[in-house]
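Single-letter residue listing:
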Amino acid sequence: MFPEQIQDKLINIGSMVLKTGALDIRTKALIGLSAAVASFCSHCHGQLRSIAKKFGVTEVEIEEVENIALRMRQKCQNQSGLFSLNELTEPQII
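Keep in mind the model is a prediction, meaning the values are calculated, not measured.

Peer 1: Please set out the environment of Val37 residue by residue, giving values where relevant.
Peer 2: Along the chain, Val37 turns up in helix α2 (residues 25-38). A relative accessible area of 9% places Val37 in the buried class. The sequence separation of Val37 and Met72 amounts to 35 residues, and the corresponding C-alpha distance is 9.5 Å. In this structure Val37 touches His45, Glu66, Ala69, Leu70 and Arg73, once residues within four positions along its chain are discounted.

Peer 1: Before we move on, could you go through the pattern of salt bridges and cite the residues and values that matter?
Peer 2: Under the defined criterion, the tally for this structure stands at 4 salt bridges. Two residues, Arg49 and Glu59, come together in a salt bridge whose shortest N-O distance is 3.0 Å. Here Arg49, found in helix α3 (residues 42-54), pairs with Glu59, found in helix α4 (residues 59-77); they are 10 residues apart in sequence, far enough to count as distant. Judged by relative accessible area, which is 22%, Arg49 ranks as partly exposed.

Peer 1: Lay out the nonpolar core with the relevant residues and their values.
Peer 2: Residues Ala29, Leu30, Leu33, Ala36, Cys41, Cys44, Leu48, Ile51, Ala52, Val57, Ile62 and Val65 constitute the largest nonpolar core, which totals 12 residues. Mapped by element, the contributors of at least two residues to this core are α2, α3 and α4.

Peer 1: Residue-level account of α3, with values.
Peer 2: An α-helical turn contains 3.6 residues, so any two residues separated by three or four positions project in the same direction. The end-to-end C-alpha distance of α3 is 18 Å, a good match for the 18 Å that 13 residues give at a rise of 1.5 Å each. Within α3 the residues assigned to the buried category are Cys44, His45, Leu48, Ile51 and Ala52. Down the axis of α3, the sector holding all buried residues measures 135°, keeping them to one side. Away from its buried face, by an angle of more than 90 degrees, α3 presents the exposed residues Ser42 and Lys54. Count one or two residues on from α3 and you reach Gly56, which has phi positive near 90°.

Calculation notes
Residues numbered from 1 in each chain as written. Predicted model: local features only at pLDDT ≥ 70, side-chain atom pairs only at ≥ 80, totals over all residues. Heavy atoms only, no water. Helix = DSSP H or I, 4+ residues; strand = E, 2+ residues; numbered from the N terminus. Buried < 20%, exposed > 50% of the residue type's maximum accessible area, 1.4 Å probe, protein only. Contact = heavy atoms within 4.5 Å. Salt bridge = Lys/Arg side-chain N within 4 Å of Asp/Glu carboxyl O. Core = buried A, V, L, I, M, F, W, Y, C linked by side-chain atoms within 4.5 Å. Expected span 1.5 Å × (residues − 1). Arc of directions from axis to C-beta.

The following block contains the structure:
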C-alpha cells in the first residue's frame, strides 16, 4: 500500500474525477492523466489511467494525451518563470 499521505491524495483526485459536473468522467480522467504526466506524479497517473480505461477511454486516446503532456512538460522545463492564468490573454502556439 501507499503511505497515508499519498492514499489521501489519490482518494481526493479519484473523487474529483468521479463527481458529477459539467465535464463527463472520460474528459476529466484524460485531463487528470495529462496533469499527472506533466507534474511527474506516477501515483496519480496510475489511478487516472485506470479510471479512464474503466470509462471507455482507449489506449490510443491515453497515448495521445500522454504525448501532449510530455511535450508540455518538456517545453515548460526549457522555459524560465511561472505564469498566472490572468496573464494569458490569447492562446499561443508553442
